[in-house]
Amino acid sequence: MIIWGLRSRTKTLGQRMLNCPNCHRDAMTAAVQTRRWFTLFFIPIFPISGKKTIAVCGLCGFRYEVNNEQAEAMFGAAAKPLPNA
Ligand SMILES: [Zn+2]
């Protein structure tokens, strides 16, 4: 029997002060990257969607999507990107 499924993996890029587009205050904003993976026997095999970076305002909790490259540069993710398709 083959057990397969889908799973979202998230990675926190970091936090920094950003002006929130919702409450228009300078707030500590966290950036989180998510990506959906195809899993086989609960092991992620390959990503089935592109990376998506979500920024979360620390004051009002507003979530908004930000450009991946921009977010990585802004939040100083020094991690090397994984080789992928
Ligand atoms: Zn806000």
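Sequence order sets the numbering: in each chain, residues are counted from 1 along the sequence as written. Per-residue local features are limited, in this predicted model, to residues with pLDDT of at least 70; the limit for side-chain atom pairs, both in listing and counting, is 80 or more; totals at the level of whole chains, interfaces and linings are taken over all residues.

1. As for the overall build of the protein
- Looking only at helices and strands, the protein has one helix and five strands in total.
- Only DSSP runs of H or I with at least four residues qualify as helices, and only runs of E with at least two residues qualify as strands; both kinds are numbered from the N terminus onward. The N-to-C order of helical and strand elements in the protein reads β-β-β-β-β-α.
- For the protein, the proportion of its 85 residues judged to be buried stands at 12%.
- Put simply, 51% of the contacts in the protein that link residues at least 6 apart link residues at least 24 apart. Exposure is read from a count of other C-beta atoms within 10 Å of each residue's own; the residue is exposed at 12 or fewer, buried at 20 or more and partly exposed in between. C-beta atoms are placed from the backbone. C-beta atoms are first placed from the backbone for all residues, and any pair lying within 7 Å is then listed as a contact.

2. Some remarks on the environment of threonine 12
- Inspection of the secondary structure puts threonine 12 in strand 1 (residues 4-19).
- We classify threonine 12 as exposed; it has 11 C-beta atoms within 10 Å.
- Counting along the chain gives 63 residues from threonine 12 to phenylalanine 75, while the straight-line C-alpha distance between them is 9.7 Å.

3. Some details on the pairing of strand 5 (residues 63-66)
- As judged from the four bridges shared by strand 4 (residues 52-57) and strand 5, these two strands associate in the antiparallel manner. Bridge pairing links threonine 53 to valine 66 in strand 5.
- Strand pairing is assigned whenever DSSP identifies at least 2 bridges connecting the two strands. Turn length for the strand 4-strand 5 hairpin, with the two strands adjacent in sequence and antiparallel, is five residues, and the turn residue glycine 61 shows positive phi of about 80 degrees.

4. Digging into the pairing of strand 2 (residues 26-40)
- The pairing of strand 1 with strand 2 spans 15 bridges and is antiparallel. Considered in strand 2, the bridge of glycine 14 is made with alanine 31.
- Between the end of strand 1 and the start of strand 2, which pair antiparallel, lie six residues, with histidine 24 showing a positive phi angle near 55 degrees.
- Across six bridges, the pairing between strand 2 and strand 4 is antiparallel. Paired with valine 32 across the strands is isoleucine 54, a residue of strand 4.
- Between strand 2 and strand 3 (residues 43-47), which pair antiparallel and follow one another directly, the connecting turn spans two residues, one of which, phenylalanine 41, has a positive phi of 50 degrees.

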